[in-house]
Amino acid sequence: MLAADRRRIILEAAVAHGSVRVIDLAAELGVSEMTIRRDLDRLADAGELAKVHGGAVLPSAGAGRGVEPRSAQKAVRDTAEKRAIAAVAAGLVEDGMTVAVGAGTTTLELARLLRGRRVSVVTNSISIFHVLTDPDDAESDAAGSAAVQLTGGQRTPSDALVGPVANAMVERVRCDLGFLGCHGIDPVAGFTSPNIGEAETNRRLIGSARSTVLLADHTKYGEIGAHLFARFADADALIVDDGLGRAAREALAAVVPLTVAPGGAP
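Cut-offs and rules
Residues numbered from 1 in each chain as written. Predicted model: local features only at pLDDT ≥ 70, side-chain atom pairs only at ≥ 80, totals over all residues. Heavy atoms only, no water. Buried < 20%, exposed > 50% of the residue type's maximum accessible area, 1.4 Å probe, protein only. Helix = DSSP H or I, 4+ residues; strand = E, 2+ residues; numbered from the N terminus. Arc of directions from axis to C-beta. Contact = heavy atoms within 4.5 Å. Phe/Tyr/Trp six-rings, centres within 6.5 Å; stacked < 30°, edge-to-face > 60°. Pairing = 2+ DSSP bridges. Axes fitted to C-alpha atoms, helices over the stretch in contact; angles between N-to-C directions.

### A look at helix α2 (residues 22–29)
Line of reasoning, step 1. For α2, every residue scored as buried is listed here: V22, L25, A26 and L29. Around the axis of α2, the buried residues are gathered within 100° of arc, so they sit on the same side. Turned more than 90 degrees off the buried face of α2, the exposed positions are A27 and E28.
Line of reasoning, step 2. Along its buried surface, α2 packs onto α1 (3–17), β1 (19–21), α3 (33–45) and β3 (55–57).

Set out below in structure tokens:
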């Protein structure tokens, strides 16, 4: 196959799916990963794609490993998968518990399921605070509904509050469960974020909880953000959606207790 034809196929795949991965392209096209990386370099130089760790995305969709996409951009991606993961996570929460819920679009779906529940929530997410305290939502005003504590701090593009104020508040609470999202999961690197402030506050949230559950849809697998906030030993469970491939499931199950939420992928 000519290089030009190979690059056309790569670009078509990126347009169809929003992103491509080196390992997948190499297997599909029957060439080495180095060849695919050179193709991505050429496409990136032409402005057709933006390279990210492990692959590439369309320029309009992409943020580098050091850049956090805005919450509004992430919220419209893979919503069925996120809701499936959230449903499994909500099943772990018992009435009377105090739970820490970190910022993220999957944890936001969990917060929607906690409305009207007799639980206490500690969060550094402005979006989650709004969902749980919306005065126009009958469930949020119901007797015995979730009591919510919002940390202070500096706001990030994903609507998280981070920094010394947030960290100091989180250090002073003790929670039964902690639920965190992530930017990337790698079987070697662990759980990562592109934002150093979010990574640090996530570490404090983990420290506040007796058990920590990570929530991540299948698109996070193989991504590595610049800042590590948890190794697999720090997580008591990981919940993913059924869009995650078999090889990835096996790799993750070897390093962390893994639950696959059914019904997320079409």
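Alright, that's what it looks like, and here's the rest.
### So, the environment of E171
Line of reasoning, step 1. Mapped onto the secondary structure, E171 falls in the loop between α8 (164–170) and β9 (175–180).
Line of reasoning, step 2. By relative accessible area, E171 is classed as partly exposed at 41%.
Line of reasoning, step 3. Sequence separation of E171 and T201 is 30 residues, and the distance between their C-alpha atoms is 9.6 Å.

### Brief notes about the packing of aromatic side chains
Each aromatic ring pair is summarised here by two numbers: the centre-to-centre distance and the angle between the ring planes.
Line of reasoning, step 1. With the rule as written, the count across this model stands at 2 aromatic pairs.
Line of reasoning, step 2. Note on F191 and F229: the rings are 6.5 Å apart at their centroids and 35° apart in plane angle, and the pair reads as tilted. Taken together, the residues F191 in strand β11 (residues 190–193) and F229 in strand β13 (residues 227–230) connect sequence positions 38 residues apart. For the pair F191 and F229, one class covers both residues: buried.
Line of reasoning, step 3. What links up through ring pairs into an aromatic cluster is the set F191, F229 and F232.

### Thoughts on the sheet that holds β11
Line of reasoning, step 1. Pairing in this open sheet of 3 strands is antiparallel, and the strands run β10-β11-β13 from one edge to the other. Across the chains shown, the open sheet's two edge strands, defined by having one partner strand only, are β10 (184–186) and β13. When the angles between neighbouring strand axes are averaged without regard to direction, this sheet yields 40°.
Line of reasoning, step 2. Relative to β11, β10 runs antiparallel, the two sharing 3 bridges. Residue pairing in the sheet places G184 in a bridge with T192 of β11.
Line of reasoning, step 3. Running over the sheet, helix α9 (residues 196–208) touches β11 and β13 and is turned about 10° from β13.

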